[in-house]
Every structure is written in C-alpha cells, then in structure tokens.
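Examining the three-dimensional arrangement
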Amino acid sequence: MTPHAHVVRAPGRVNLIGEHIDYCGLPVLPMALQRSVRIEFHPRSDRETRLVNRDPRFAPNSFAVSESIPPAPAGDWGNYARAATQALAKRFRDLRGVDALVESDLPIAAGLSSSSALVVAMALAIMRANGVTVASLELMDLLGRGERYVGTAGGGMDQAIILGAQAGCASRIDFHPLRLTPTTVPADWRFIVAWSLVHAEKSGAARQAYNERTRQCDEARRLVAGRLGHREDITYPALLAAASVEELLQVAGSTLSEVLARRFRHVVTEGTRVPQAEAAMAARDLGLFGQLLDASHRSLRDDYEVSHPELDRLVELARAAGAAGARLTGAGFGGSIVALCRIERATDVVAALRERFYAPRGAADGVGRHVFMAEPSAGAEVLTPGASPD
Ligand code: NG1
C-alpha cells in the first residue's frame with residue numbers, strides 16, 4: 001500500500017434464493033462472499049477522479065465528479081464508478097475526486113455482483129475522501145437507484161447485501177421499506193459456487209433480456225390486479241397478501257398471454273419459496289432448503305427462461321454428485337450456480353464437477369478459480385478507519 005492511502009473493500013454476493021423478484025419488491029435471501037473489490041485511494045483537492053485497475057483487461061478511466069457525469073461507452077467498467085460518484089454528487093455538493101487503484105478477486109460477469117461491489121466500494125471511497133456519511137439503509141437505496149446509470153433496471157438486492165451483510169449469516173432483504181433480517185447459516189452446510197464458463201455480460205443482449213423481464217412482470221401485475229378489482233399500482237407483496245397463490249395463478253392463466261402467465265408464475269411462486277427457505281435454514285432443514293433450490297431452478301429455467309444449457313448441466317451434475325439442491329444464481333443467461341450440500345459431501349461434489357463438467361471443456365486446471373465454497377461474510381467496510389481525509 002502507498003503511504004497514507006485509504007483502503008475500502010466491498011464483497012461480492014451469492015443469492016441463495018429469491019431470483020428476479022427484488023425488482024418486484026419481493027423479499028430475497030442472499031449472503032456476502034469472502035471475495036471482494038478493494039480500492040486503495042488518495043483524496044484529491046479537485047473534482048478529477050482517476051482510476052487504475054490492476055486487471056490489465058480494464059483500461060485506466062477518468063472523469064470529473066458532477067451531478068451529471070457523461071457515461072463511458074456501454075460495457076466500460078468505469079461506468080460503475082461513475083454511477084456511484086454521480087449518485088453521491090446529487091446528494092452532496094462540491095465533492096472532490098480521488099486517485100484510485102482498483103483490484104478484485106471476484107470473477108467478472110459470473111452472477112456474483114462484481115459490478116455492484118465496485119459501485120459500493122467506489123461510493124465508500126468518495127464518501128471517505130470527502131468526510132461525508134450516509135446512513136446505511138439510505139445508502140443502499142441511493143446506490144440501488146444509482147447503479148441504474150449503467151442502463152440496467154436492477155432491483156436493489158445487491159447493494160443492500162453488499163453493505164448490510166453479517167458474517168456467518170444470510171439475510172432476508174425486504175423492500176419498501178428496505179430492511180435486512182439475518183439468519184445464521186448452519187455450520188455444517190456448504191454453499192458451492194460454480195461458474196458455467198459462460199460470461200453473463202450485463203451490457204448487450206443479457207441487459208435487454210433482463211430489462212424485458214422487469215417490464216413483463218410489471219405488465220402482468222397490472223393486468224392481474226385489474227382483473228381482481230385492485231388498483232393498478234398495487235405492489236406484488238400487497239397482491240400476494242390479498243389473494244392466495246392458487247387464486248393468483250388461476251386469474252393469471254385466464255387473463256395473461258402464455259408468456260406473461262409463466263413470468264407471473266415464477267414471480268409469485270419464487271416469492272413463496274423465500275420465507276420457506278429462510279425457515280428451513282433457521283430449522284437446519286437441509287433437505288427442504290435443497291428442494292426449494294431445485295424448484296427455484298426449474299422455475300427460472302422453464303417459466304422465466306433465464307437459464308442456459310451449461311447452467312442446467314452444472315445443476316444436474318451437482319445434484320447427481322450428492323448436493324441437496326442446486327440452481328442458477330444471479331441474473332442468469334450464463335454466470336454461476338449455487339449448490340447446497342453437507343460439509344462431508346462438498347469434496348465429492350467439487351470432484352464430480354471437475355471430472356464431468358470442467359475436464360471435458362478443457363478447464364479442469366482452472367477448477368480452483370471456477371468453483372469455491374461460499375463463506376457467509378461481512379459487508380463492505382473502510383479498512384483505514386483511523387485515517388482522516390488528506
Ligand atoms: P446480477 O446477478 O448482478 O446481474 C441482477 C440485479 C439484481 C437482481 C438479479 C436477479 C443489478 C445490479 N442486479 O444481479 O438486482 O435482480 O439480477 O435476481 O441489476
């Protein structure tokens with residue numbers, strides 16, 4: 001570390017269950033990872049911000065702090081730093097910039113939220129450099145909306161868990177109002193994260209497909225609400241509180257197009273799986289948690305159509321090797337799976353994935369990078385709390 005540099009870190013996350021429903025305002029159950037984005041920085045005396053990435057794939061980036069920062073071309077990594085900085089510049093006047101060195105041991109485009117980790121780390125750096133603070137829940141919300149700068153209509157799960165996670169726990173996140181409720185992950189459970197070798201790029205086709213899902217969910221909600229005599233702006237949680245899942249699915253079946261009805265079915269059934277999974281974790285019921293993971297994957301594959309043949313294959317192999325359940329995690333279209341097993345089975349599951357998935361694809365040597373045990377970790381932090389802004 002250079003003398004007097006400040007350091008912040010923000011972890012990635014793995015979502016255990018509750019996929020593609022945060023933007024519907026329904027609870028989700030992620031946990032933070034031990035892998036993270038780390039930024040070492042010096043505050044500047046002007047508005048300039050200069051970013052260098054230790055990863056040579058990412059070219060240096062610079063911009064001036066303002067309420068309206070021009071975006072770099074779509075897909076440029078610097079846009080995540082711009083997103084965080086612009087969101088804070090709208091909240092605080094006259095912020096100064098930083099000279100920053102960014103590094104990460106999180107796989108990119110793997111469904112583990114490396115992008116939101118960068119957003120959160122950058123926000124902590126800018127706040128630290130300027131000696132300003134934002135209350136945790138407000139910051140989660142501010143950055144959740146702020147990340148939409150990159151063009152994704154994201155739901156807010158990632159920024160919330162990255163900031164609010166507790167070591168040893170997964171957290172149920174409720175929205176409107178935002179709140180986090182931790183549940184201890186049983187010590188003999190292992191969540192294995194395995195990358196499909198397919199990048200789930202947030203720019204381009206995956207972004208379009210993601211944003212299309214958010215629009216479809218909204219349209220389905222309005223049509224079902226109208227049919228049931230509710231106001232058009234009723235939320236998904238209110239809709240689920242007002243009618244049973246069976247009734248909602250029946251109405252959806254007779255009101256919506258075939259595609260919209262399937263999207264809607266994913267949302268309402270996934271919405272019921274989250275509290276069941278949270279209860280199963282609290283009761284240490286590994287079998288039930290596993291079944292819920294499997295049901296979530298089927299729903300994401302068949303009804304929501306966000307899986308990929310390589311994700312389906314990984315899920316199948318993990319199950320065959322003795323995992324209690326497995327599913328794609330994150331937005332899908334590539335990225336990673338998460339599989340649950342008891343500690344004593346974990347080595348067998350990893351060995352089976354190596355032999356039957358990675359080896360035939362010529363990637364057995366990289367298995368240590370592609371597969372890892374997710375340790376439920378703490379949220380983002382400033383690592384130099386004693387230092388004052390230069
Ligand atoms: P990832 O896996 O990082 O692309 C995205 C959204 C989440 C959530 C999941 C699907 C962002 C920043 N993240 O996550 O809010 O909707 O997809 O559950 O847009």
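Residues numbered from 1 in each chain as written. Predicted model: local features only at pLDDT ≥ 70, side-chain atom pairs only at ≥ 80, totals over all residues. Heavy atoms only, no water.

With that settled, the discussion passes to the pairing of strand E8 (residues 189-195). Sheet faces and side chains relate simply in a regular strand, where the side chains alternate between the two faces. In terms of burial, E8 is largely enclosed, as six of its seven residues are buried. Of the strand pairs in this sheet, E8 and strand E10 (residues 336-342) are connected by seven bridges, and their pairing is antiparallel. When the sheet's bridge partners are listed, Trp189 is paired in E10 with Arg342. Note: E8 against strand E11 (residues 371-374), four bridges, orientation antiparallel. Residue pairing across strands places Val193 opposite Phe372, the latter belonging to E11. (Buried < 20%, exposed > 50% of the residue type's maximum accessible area, 1.4 Å probe, protein only. Helix = DSSP H or I, 4+ residues; strand = E, 2+ residues; numbered from the N terminus. Pairing = 2+ DSSP bridges.)

Now for the environment of Val267. Note that Val267 resides in helix H8 (residues 258-282). Each C-alpha atom, one on Val267 and one on Arg221, is 9.9 Å from the other, the two residues being 46 residues apart in sequence.

This part is about the site of the ligand. By nearness alone, 20 residues border the ligand, and Glu19, His20, Asp22, Asp158 and Tyr210 come closest of all. Interatomic distance of 3.0 Å between a side-chain N/O atom of Arg13 and an oxygen atom of the ligand. Contact distances for the ligand include 3.0 Å between an oxygen atom and a backbone N or O atom of Ala331. Look at the ligand: alone it shows 440 Å² of surface, and the protein chains cover 96% of it. When residues in the shell around the ligand are grouped by element, the largest group, three residues, is from helix H4 (residues 157-164). By residue class, the composition of the shell around the ligand is four nonpolar, 10 polar and six charged. (Near = heavy atom within 4 Å. Polar contact = N/O pair within 3.5 Å; in protein donor to acceptor, adjacent residues only side chain to side chain. Areas by Shrake-Rupley, 256 points an atom, 1.4 Å probe, with all protein chains shown as cover. Nonpolar A, V, L, I, M, F, W, Y, C, P; charged D, E, K, R; others polar.)

In this section: the packing of aromatic side chains. Applying the stated criterion to the full structure yields seven aromatic pairs. Relative to Tyr210, the ring of Tyr23 has its centre 5.4 Å away and its plane inclined at 70°; by these criteria the two rings are edge-to-face. Within this pair, whereas Tyr23 is found in the loop between strand E1 (6-17) and strand E2 (29-43), its partner Tyr210 is found in helix H5 (residues 205-227), the two being separated by 187 residues in sequence. Side by side, Tyr23 and Tyr210 carry an identical accessibility label, which is buried. Geometrically, the ring pair formed by Trp189 and Phe191 is edge-to-face, given 6.3 Å between the ring centres and 70° between the ring planes. Judged on exposure class, the residue Trp189 and its partner Phe191 are both buried. An aromatic cluster is built from Trp189, Phe191 and Phe289, whose rings are joined through pairwise contacts. The ring of Phe372 carries the charged tip of Arg35 above its face, separated from the ring centre by 4.1 Å. The ring of Tyr304 carries the charged tip of Arg263 above its face, separated from the ring centre by 6.0 Å. (Phe/Tyr/Trp six-rings, centres within 6.5 Å; stacked < 30°, edge-to-face > 60°. Lys NZ or Arg CZ within 6 Å of the ring centre and 35° of its normal.)

Moving on, we get to the sheet that holds strand E9 (residues 325-329). One open sheet holds the four strands; their spatial order is E9-E10-E8-E11, and the pairing between them is antiparallel. Each having just a single partner strand, E9 and E11 make up the two edges of the open sheet. Adjacent strand axes in the sheet meet at a mean angle of 25° when their direction is disregarded. Seen against the sheet, helix H9 (residues 286-303) touches E8, E9 and E10 and runs at an angle of roughly 40° to E9. (Axes fitted to C-alpha atoms, helices over the stretch in contact; angles between N-to-C directions. Contact = heavy atoms within 4.5 Å.)

Remember that the coordinates give geometry; whether it matters functionally is a separate question.
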